[in-house]
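# Structure assessment
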Amino acid sequence: MKTQVCIIGGGPSGLMLSQLLHLKGIDTVVLERQSREYVLGRIRAGVLEHGFAELMREAQCGERMDKEGEIHDGFLIAHGGQVSRVDLHKYSGGSSVVVYGQTELTRDLYAARDRMNGVVIHNAEDVQPHDLKSATPYVTYRSGDEVVRIDCDFVIGADGFHGVSRKSIPRDVLKEYEKVYPFGWLGVLSRTKPVSPELIYAKHERGFALCSLRSQVLSRYYIQVPLTDSVEDWSDDAFWAELKRRLPADVAAQLVTGASIEKSIAPLRSFVAEPMRYGNLFLAGDAAHIVPPTGARGLNSAASDIYYLYHAMLAHYQNGDSTGLDQYSEKALARVWKAQRFSWWMTTMLHTFPDSIAYDQKLQETDLAYLFSSEAAQRSLAENYVGLPF
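Anyway, here's the lowdown on the structure attached to this text. Quantities reported herein were computed from a predicted structural model and do not represent experimental measurements. (Residues numbered from 1 in each chain as written. Predicted model: local features only at pLDDT ≥ 70, side-chain atom pairs only at ≥ 80, totals over all residues. Heavy atoms only, no water.)

The step from E274 to P275 runs through a cis peptide bond, and the omega angle for that step is -5°. Take P275: it is sitting in the loop between strand 17 (260–274) and strand 18 (277–278). One non-glycine residue, Q60, lies in the positive phi region at around 60°. Its location among the elements puts Q60 in the loop between helix 3 (50–58) and helix 4 (63–68). At D126, a residue that is not glycine, the phi angle is positive and equals roughly 50°. Among the structural elements, D126 can be located in strand 9 (residues 125–130). (Helix = DSSP H or I, 4+ residues; strand = E, 2+ residues; numbered from the N terminus.)

Structure, rendered in structure tokens:
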């Protein structure tokens, strides 16, 4: 098999790049280790920054997002017995975010690839990139007893943190930065009316909590838990009781509870791999960087990678200009590290750390007090939350 761009990873990053390039006449093949059902079964982020929404529209995949997604002009932070609102629209110069589940977004991208007869190969086993430093790289994968070879110009590694792409970069070339947080998020998805029309981030001495939503009939709630906890430790009743303890009394009184339709614990970590290019391999999304979900930057950071790659590929194939490809790693990492900083700051400000001393706790309180006493501080938060320019 031969193609121009071989994309490893059939999640939203890989599918979006494939769709964008296809619309410009650039041939792609997407390889995904899991089945489509497995990919669509993953429950992930639901807050899309302004730039991501625009990219979905450019990919001709934004119709359902625009119809069913919810525009949010702000969010709430509960702290010290009060609830304060961050006015994203006011402090970001008129921007907002779209609340639309990653599962639905991925479904839309799959539908678009199907409409255009895009090549997305599922259950591709033992995927392996080869000759990445040469002008003729190729990728092999196993389908049953057959080993299939795909010759290409470029390989895109969009196969997540545990994928093969980053591991294909020699250890003496790759530099990794990591911070592991001493807690995770226990998340529950329930078919219940959201407690608030806007997200509520709650800082509480018992631990952080988040009230989010996927639609007006589908709610997503989280509480901070120790890494030693498992899903089996938390019945639905225990979860709702603990969530209520961490919310202001008037909010807790309005909380509609119900059976969980999905429950999972996600550990929190910050991670960056440099460089994001090795020869003709380009890393994108979780293959190169991960952020805690506190600042809603994970999927959105991946989108900026895809934006840079898409435009770099266009310049290369349409104009013979490889400047964008040569500058990809540097440009992508500059934005990635800003997303890392923002996510680290939000996480540090809002969570309860098991080893924190009284000094740390007073700093957290002061950070929140300063945030809501300063328009400049709220402007900084808002411009990061809605998404820095690509």
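A separate point is the sheet that holds strand 8 (residues 119–121). The 6 strands are arranged 8-2-1-12-19-18 in an open sheet whose pairing can be described as mixed. Either end of the sheet is taken by a strand with one partner, and the two such strands are strand 8 and strand 18. (Pairing = 2+ DSSP bridges.)

Looking now at the side chain of Q224. Following the sequence through the fold, Q224 ends up in strand 16 (residues 218–226). A residue is classified by how much of its surface remains accessible, and Q224, at 8% relative accessible area, is buried. Here the side chain of Q224 touches F208 through a polar contact of 2.9 Å, landing on its backbone nitrogen. Leaving out residues up to four positions away in the same chain, Q224 has contacts with F183, G184, G207, F208, R246, H351 and T352. (Buried < 20%, exposed > 50% of the residue type's maximum accessible area, 1.4 Å probe, protein only. Polar contact = N/O pair within 3.5 Å; in protein donor to acceptor, adjacent residues only side chain to side chain. Contact = heavy atoms within 4.5 Å.)

Quick look at the packing of aromatic side chains now. Tallied over the entire structure, the rule returns 19 aromatic pairs. Between Y221 and W240 the ring centres are 5.5 Å apart and the planes differ by 75°, which places this aromatic pair in the edge-to-face class. Of this pair, Y221 sits in strand 16 while W240 sits in helix 8 (residues 236–246), and the two are 19 residues apart along the sequence. Across the pair, exposure class does not vary: Y221 and W240 are buried alike. Plain terms: the ring middles of F342 and W345 are 6.1 Å apart, the flat faces sit at 35° to each other, and that makes the pair tilted. Of this pair, F342 and W345 both sit in helix 12 (residues 328–350), 3 residues apart, which is roughly one turn of the helix. Both residues of the pair, F342 and W345, count as buried. Members of the aromatic cluster, connected to one another through ring pairs, are F75, W185, Y201, F208, Y222 and Y385. The ring centre of Y138 lies 3.6 Å from the NZ or CZ of R149, which sits over that ring. The positively charged end of R166 is found above the aromatic ring belonging to F161, 4.7 Å away from the centroid. (Phe/Tyr/Trp six-rings, centres within 6.5 Å; stacked < 30°, edge-to-face > 60°. Lys NZ or Arg CZ within 6 Å of the ring centre and 35° of its normal.)

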